[in-house]
Amino acid sequence: MSTSPLHDEHGPLLGPTDIRELAAALGVRPTKQRGQNFVIDANTVRRIVRTADVRPVDVVVEIGPGLGSLTLALLEAADRVTAVEIDDVLAAALPATVAARLPDRADRFALVHSDALHVTELPGPAPTALVANLPYNVAVPVLLHMLATFPTIERTLVMVQAEVADRLAAPPGSKVYGVPSVKAAWYAEVKRAGSIGRNVFWPAPNVDSGLVSLVRRAEPLKTGVTRNEVFAVVDAAFAQRRKTLRAALAGWAGSAARAEAALVAAGISPQARGESLTVEEFARIAEKKGAAL
């Protein structure tokens, strides 16, 4: 007797056969353009939900749910899940997949058919967690946009390209510390939370993947300037990584002399480079922009 796909060893979750059958029925081929790689391993999505520390009270937002592998695992664990999907075919199909495989949780699922970079509001209660296998080509902008737009998101766990995971979680002084590291640190305590092999995806990507955990700061960074003012310093400092901050910030400050005055006022050596500074130090520089005026 053949086993119903709803009662196989994965329970309601999607296995490799389910994923391929769903994709075939929808005429879907994962596209490179949208950075799509579907997770086909139920144990991996369970591990992501565990690592994300999803709780029964959580309202989770998921970006790029694809065929629903992670969505179903999140719905089993959270109070509700809102998925944001840009792809027309995938967005149309996901509610039916949820209804078929988790009928008693379907009323706790919402779909937003949109580009995550343009989402400014979500239906239902405010999200408390963000868990996603982010499309690799837009991972950092999407992550930063969601953290900026939804301050109620306390915990985030994203799967991204391993190299991007390293950058996001890099400490000051590291070779890969840069703009994503500093901007992520503005919002949260960031750390690497594991690695994911290539064979759990279809199609298998030609890069390794990593999990990144972000726990939002209990208190926002104390500074007298706005986030945009701080980020302007960060962008200027890393636009010319090899230059000293005195030179790199000349355009931002109006001249090298003004950049030096701001740096000295902030207690930072004008000969330092951006990769040695914490987000707090970037904020201090932003505060001292008028030091030489």
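Each value, and the rule that gives it
Sequence order sets the numbering: in each chain, residues are counted from 1 along the sequence as written. Side-chain atom pairs in this predicted model are given and counted only at pLDDT of 80 or more, local residue features only at pLDDT of at least 70, and totals for whole chains, interfaces and linings cover all residues. Hydrogen atoms and water are omitted, and side-chain values are computed over all heavy atoms in the structure. In this analysis, axes come from line fits to C-alpha atoms, helices being fitted only over the stretch in contact, and the angle between any two N-to-C directions falls in the range 0 to 180 degrees. By the criteria applied, helices consist of DSSP H or I runs no shorter than four residues and strands consist of E runs no shorter than two, each listed in order from the N terminus. Throughout this description, any angle smaller than 35 degrees is read as roughly parallel, any larger than 145 degrees as roughly antiparallel, any in the 65 to 115 degree range as roughly perpendicular, and the remainder as oblique. The contact definition used throughout considers only heavy atoms, calling two residues in contact when any of these lie within 4.5 Å. Type-normalised accessible area, obtained with a 1.4 Å probe on protein chains alone, sets the label of each residue: buried when under 20%, exposed when over 50%, and partly exposed for intermediate values. Only strands that DSSP links by at least two bridges are regarded as paired with each other. Only the six-membered ring of Trp is used, alongside the rings of Phe and Tyr, when aromatic pairs are assigned; centres must lie within 6.5 Å, and planes under 30 degrees apart are stacked while those over 60 apart are edge-to-face, with the rest tilted.

Caption draft 1: Representation of the packing of helix H8 (residues 227-239) against helix H12 (residues 279-287) within the structure. Interaxial distance between H8 and H12 falls to 8 Å at its minimum, and their mutual angle equals 105 degrees. Taken as axis vectors, H8 and H12 run roughly perpendicular relative to one another. Across the interface between the two elements, Glu229, Val230, Val233, Val234, Ala237 and Phe238 of H8 pack against Phe282, Ala283, Ile285 and Ala286 of H12.

Caption draft 2: Geometry of the pairing of strand E5 (residues 129-133). Among the five residues of E5, five are classified as buried, and the element is accordingly described as predominantly covered. Here E5 shows no split at all, with Ala129, Val131 and Asn133 on one side and Leu130 and Ala132 on the other all buried. Taken together, the two bridges between strand E2 (residues 59-63) and E5 define a ladder with parallel strand orientation. The residue bridging Val60 from the neighbouring strand is Ala129, located in E5.

Caption draft 3: Inspection of the sheet that holds strand E3 (residues 80-85) at higher detail. Within the open sheet, the seven strands sit side by side as E4-E3-E2-E5-E6-E9-E7. Their pairing is mixed. Bordering the open sheet on either side are strand E4 (109-113) and strand E7 (188-196), each of which pairs with just one other strand. Within this sheet the neighbouring strands show an average axis-to-axis angle of 20 degrees, counted without direction. Here E5 pairs with strand E6 (residues 155-161) via five bridges, running parallel.

Caption draft 4: A look at the packing of aromatic side chains. Using the criterion set out here, one finds five aromatic pairs in the structure. Judged by centre distance (5.8 Å) and plane angle (75 degrees), the rings of Trp186 and Phe231 are edge-to-face. Taken together, the residues Trp186 in helix H7 (residues 179-187) and Phe231 in helix H8 connect sequence positions 45 residues apart. On the basis of relative accessible area, Trp186 is assigned to the buried category, the value being 12%. In this structure Phe231 comes out as buried when scored by relative accessible area, which is 10%. When the ring of Tyr187 is compared with that of Phe231, the centres are 6.4 Å apart and the planes differ by 80 degrees; the resulting orientation is edge-to-face. Of this pair, Tyr187 sits in helix H7 while Phe231 sits in helix H8, placing them 44 residues apart in sequence.

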